[in-house]
Amino acid sequence: MTQPPAVPVEADWDAAPGVLEGARSLELTAADCNLPYWIEHVAGSMLRRLADGSVRADAPTEAVTRPGPLHDALVDEFTFRTLAEEKAARALSFLVFHAPDNDSLEFFSTQLVDEARHARVFREHLLKAGVPADEVAGAIARTAASSGAAVLDPLEEFGLHVLRDQGDFYGGVLVLTVLVEGVLAPAAELSERKWKLLDPSAALVERGANMDEIRHLAVGSAIVRDHLTRRPDQRARLLALIQEGRRLWEKLPMAEVLFRRESLFQEGLAEHGHLLGAYEIWPGRRLVDTGVQERMEAAERWSRETQEARLAYMLLDGTP
C-alpha cells in the first residue's frame, strides 16, 4: 500500500517550530512552496485537521468573554490583526501581478489566500470572544479609525508606493518580509503565549497564522537572497529601501498601541491571574508575574532579532 506523503515539519501542527525559531532559521523557496505544496500540505493537511476536529482548543474563558479588560485587550488585538491581514492580502495582489516566474506567481497567490483567511479567522474569533455579530463591523471600524490609521495606513501607503506605483517586485517582497511579516510575527508569538490558558482558541488562531507566517518569511527571504546573488548590483538600492522603511516604522506610534493593549491585559491579570497558576510565558518566567514593559520589551527584542537574522540571510546586513 502506498504511504501518504510526509507532512513537512513547518505544516505539521505537532512539530512546526515556533514563529521565532522558524522565522529566523527555516529555509524554503518559492519552488518548494508552490501551488501543489499548498493544496497538499496546507489545505489538504494543516487546514483539514482543523476542519475535522483533530486539532482543537477550548473556548475562551469567561474572563475573556464577559465585559472587562481582558475582553477589551482581545478585541483591540484581533480587530487590529484583522485589518493588518486584510491590507496584506490586498497588497499581495501586486506581487502576484509582477511575479517574474511561475513559482513566485503560485507562491504569492497562496500567500494572498493565507492572509485573507487569517483576516477571516481573526474576525470570526471576535464572535467567540463575546462580541455580538452586529457589533463586529463597528469594532473593526473603530480600530481602523485609531490604531489602523496611525500605524497600518502609513505602512500600506509605503508598500503600495513600491509595489503599485513603482512596480518593484523585489522591493515589494523585501518590504513585506521585513517591515510587515518581520515586525508583526514576533508580536503574534507573544500573543499566542499570552492567550494560551485564558483563551485557548485565540492561541490556536495565532498558532495557525504563525505557521503560515514562518513559511512566508522563509520564502520571501529566499527570493530576495536569490535575486541579490544573481544581481549584487541591486544590493545598495534594496538596502536603502529597507532603511527608508525602518525610518518610517520608527515614527509610527506602535509602542503606544501596544502599551494600551498590554495595559488592558495587565488589568486582566490582576483580576484573573489565579487562572494561570504556574504557567510560564517563557522559561523561568510566570506570565502572572510579568508586567507591561517586560512583555513589550520582549516583543521588541524578538522583532529586532528576527529582522536581523532575515536581513543577514538576504545578504542585506551591514552597509551598502
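In this text the structure is predicted, and so the values were computed from the model without any measurement.

J.: What am I meant to see in the confidence of the model for the chain here?
T.: Low-confidence regions, as indicated by low pLDDT, have predicted coordinates that should not be scrutinised in detail. Per-residue confidence for the chain averages 93 on the pLDDT scale, and 98% of its residues sit at or above 70. Confidence scores differ between elements of the chain, with helix α1 (residues 19-25) showing the lowest mean pLDDT of 78 and strand β2 (residues 285-286) the highest of 98.

J.: Mind showing me how you'd approach the nonpolar core here?
T.: Soluble, globular proteins show a tendency: their nonpolar side chains are buried together. With 99 residues, the main nonpolar core has F108, L174, W195 and L316 as its most contacted residues. Top contributing element to this core by residue count: helix α8 (residues 200-230), with 13 residues. Excluding residues within four positions of it along the chain, L174 makes contact with L179, V224, L238, I242, L311, M314 and L316.

J.: Honestly, the pattern of salt bridges in this entry has me stumped. Any pointers?
T.: Pairs can form between side chains of opposite charge once their charged atoms are near each other. Considering all chains together, one arrives at 25 salt bridges under this definition. Across the pair R120 and E124 runs a salt bridge, and its minimum N-O distance is 3.1 Å. Here E124 and R120 lie together in helix α5 (residues 102-128), a separation of 4 residues that amounts to about one turn. Where salt bridges share partners, they join D114, R117, D212 and R215 into one cluster.

J.: Which parts of the structure should I look at to understand the packing of helix α7 (residues 169-194) against α8?
T.: Packing of α7 against α8 brings their axes to within 9 Å, and their N-to-C directions diverge by 150°. By the angle class used here, α7 and α8 are roughly antiparallel. In this structure, α7 meets α8 at a crossing whose hand is left-handed. By residue class, the composition of the contact of α7 with α8 is 10 nonpolar, 8 polar and 7 charged.

J.: Just to check I follow, could you spell out helix α2 (residues 35-51) for this structure?
T.: Along an α-helix, a turn takes 3.6 residues, which lines up residues three or four apart on a common side. Across its 17 residues, α2 extends only 20 Å between first and last C-alpha, which sits more than 12% below the 24 Å expected from 1.5 Å per residue. Burial in α2 covers these residues: Y37, W38, H41, V42, S45, M46 and L47. The elements touched by buried residues of α2 are α5 and α8. Count one or two residues on from α2 and you reach G53, which has phi positive near 85°.

J.: For this particular structure, what's the right way to read the side chain of S221?
T.: Following the sequence through the fold, S221 ends up in helix α8. When neighbours within four sequence positions are excluded, S221 is seen to be in contact with T177, R310, Y313 and M314.

J.: Just to check I follow, could you spell out the environment of V136 for this structure?
T.: Along the chain, V136 falls in helix α6 (residues 136-165). Judged by relative accessible area, which is 8%, V136 ranks as buried. Once residues within four sequence positions are removed from consideration, V136 is found in contact with R123, L126, L127 and V131.

J.: Looking at this model, I keep getting lost on the packing of α6 against α7. Mind explaining?
T.: Helix packing for two helices is described by the angle between their axes and how far apart those axes are. Interaxial distance between α6 and α7 falls to 8 Å at its minimum, and their mutual angle equals 155°. For the element pair α6 / α7, the angle class is roughly antiparallel. Here α6 contributes F158, G159, V162 and L163 to the contact with α7, which in turn contributes G171, G172, V175 and L179. Of the residues belonging to the contact of α6 with α7, the class tally is 5 nonpolar, 3 polar and no charged.

J.: Is there a simple way to think about the side chain of E115 in this case?
T.: Here E115 is to be found in helix α5. Salt bridges are absent for the buried E115, whose nearest opposite-charge side chain, R81, sits at 7.0 Å. There is a polar contact of 3.2 Å between the side chain of E115 and the side chain of H118. Once you skip the residues sitting within four places of it in the chain, E115 turns out to touch E85, A88, A89, L92, E181, E213 and H216.

The rules we used
Residues numbered from 1 in each chain as written. Predicted model: local features only at pLDDT ≥ 70, side-chain atom pairs only at ≥ 80, totals over all residues. Heavy atoms only, no water. pLDDT = per-residue confidence, 0-100. Helix = DSSP H or I, 4+ residues; strand = E, 2+ residues; numbered from the N terminus. Core = buried A, V, L, I, M, F, W, Y, C linked by side-chain atoms within 4.5 Å. Buried < 20%, exposed > 50% of the residue type's maximum accessible area, 1.4 Å probe, protein only. Contact = heavy atoms within 4.5 Å. Salt bridge = Lys/Arg side-chain N within 4 Å of Asp/Glu carboxyl O. Axes fitted to C-alpha atoms, helices over the stretch in contact; angles between N-to-C directions. Parallel < 35°, antiparallel > 145°, perpendicular 65-115°, else oblique. Left-handed = near helix turned anticlockwise from the far one by under 90°. Nonpolar A, V, L, I, M, F, W, Y, C, P; charged D, E, K, R; others polar. Expected span 1.5 Å × (residues − 1). Lys, Arg positive; Asp, Glu negative; His and termini not counted. Polar contact = N/O pair within 3.5 Å; in protein donor to acceptor, adjacent residues only side chain to side chain.

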